Amino acid sequence: YQFYAEHHRRIAAIIQSTGHTVTADRIGKTNQNRSIWSFRIRPNKSKHNSVFILGGIHPIEWVSPEAAVALLLQLAQHPLEHTEVIIVPFLNIDRRLVVEQDLLNHEPKYRRVNSGGEDLNRDYEIHREATAIWRHLFPERYTTSTSPLSQPESQAIDNLFAKEHFNAAVSVHAFGGYIYYP
């Protein structure tokens, strides 16, 4: 487990060492006014495709930002030939920092929602309903937001999609050291 600040130090170092290969853009702010950053890895030849990677939606899912940052660092050193990649490794920053404090206090807790009390994974305009089998076992953990795009974090991603055309998008989720995939 690496803390949020450690990840940003590593990302800042790779941005400085690679010149213009990786750029950072503030795409929005969290409920508690923290900056949400995207990192664009430019292709080493003309751009034909664009891919989006999102991590850190649920603050307890520490592996998803780890995977997103690892990919960012790898692609910074070895950019794809014709594909631009935009990565947002941390979306739910406010609660990620609460999880980090929980760990420092040796009091880990299950935390899924943002500081506004909403599950960011269920705060988009479409596909808002929880469909996982787990919703039957833990209904209080699989909730839908009060209205679409009610949170600034979700709005930041929606605004990014309004500006960019992505050929593919991946939202990385993980829990307990495992990455889940369909």
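## A closer look at the overall build of the protein chain
Point 1. Helix and strand counts for the protein chain stand at five helices and seven strands.
Point 2. From first element to last, N terminus to C terminus, the protein chain shows the α and β order α-β-β-β-α-β-α-α-α-β-β-β.
Point 3. What you see for the protein chain is a C-alpha radius of gyration of 16 Å, in line with the 16 Å of a compact globule of 182 residues.
Point 4. Counting only residues that meet the buried cut, the protein chain has 46% of its 182 residues in that class.
Point 5. Across the protein chain, contacts joining residues at least 24 apart in sequence account for 74% of those joining residues at least 6 apart.

## Quick look at the pairing of strand 2 (residues 35–41)
Point 1. Within strand 2, six of the seven residues are buried, which leaves the element mostly enclosed by the surrounding structure.
Point 2. Bridge analysis of strand 1 (residues 22–29) against strand 2 gives seven bridges, and the strand direction is antiparallel. Bridged to Gly28 within strand 2 is Ile36.
Point 3. Counted along the chain from strand 1 to the antiparallel partner strand 2, the turn is five residues long, and its residue Asn33 has a positive phi close to 70°.
Point 4. Summarising the sheet, strand 2 and strand 4 (residues 83–88) pair through three bridges and their orientation is antiparallel. Residue pairing across strands places Arg40 opposite Ile86, the latter belonging to strand 4.

## Brief notes about the pairing of strand 4
Looking down a regular strand, the side chains alternate between one sheet face and the other.
Point 1. By the criterion of burial, strand 4 is predominantly enclosed, with six of the six residues buried.
Point 2. Burial along strand 4 is two-sided: the face carrying Thr83, Val85 and Ile87 and the face carrying Glu84, Ile86 and Val88 are both buried.
Point 3. Across six bridges, strand 3 (residues 49–54) lies against strand 4 in parallel orientation. Considered in strand 4, the bridge of Asn49 is made with Thr83.
Point 4. Taken together, strand 3, helix 2 (residues 63–77) and strand 4 constitute a β-α-β crossover, and its handedness is right-handed.

## Brief notes about the pattern of salt bridges
Point 1. On inspection of all chains with the given rule, the structure shows 10 salt bridges.
Point 2. Taking the shortest distance from any N to any O, the salt bridge between Glu81 and Lys45 comes out at 3.8 Å. Here Glu81, found in the loop between helix 2 and strand 4, pairs with Lys45, found in the loop between strand 2 and strand 3; they are 36 residues apart in sequence, far enough to count as distant.
Point 3. Overall, the relative accessible area of 44% leaves Lys45 in the partly exposed class.

Thresholds applied
Residues numbered from 1 in each chain as written. Predicted model: local features only at pLDDT ≥ 70, side-chain atom pairs only at ≥ 80, totals over all residues. Heavy atoms only, no water. Helix = DSSP H or I, 4+ residues; strand = E, 2+ residues; numbered from the N terminus. Rg over C-alpha atoms; globule rule 2.2 N^0.38 Å. Buried < 20%, exposed > 50% of the residue type's maximum accessible area, 1.4 Å probe, protein only. Contact = heavy atoms within 4.5 Å. Pairing = 2+ DSSP bridges. Right-handed = clockwise from strand over helix to strand, strands pointing away. Salt bridge = Lys/Arg side-chain N within 4 Å of Asp/Glu carboxyl O.

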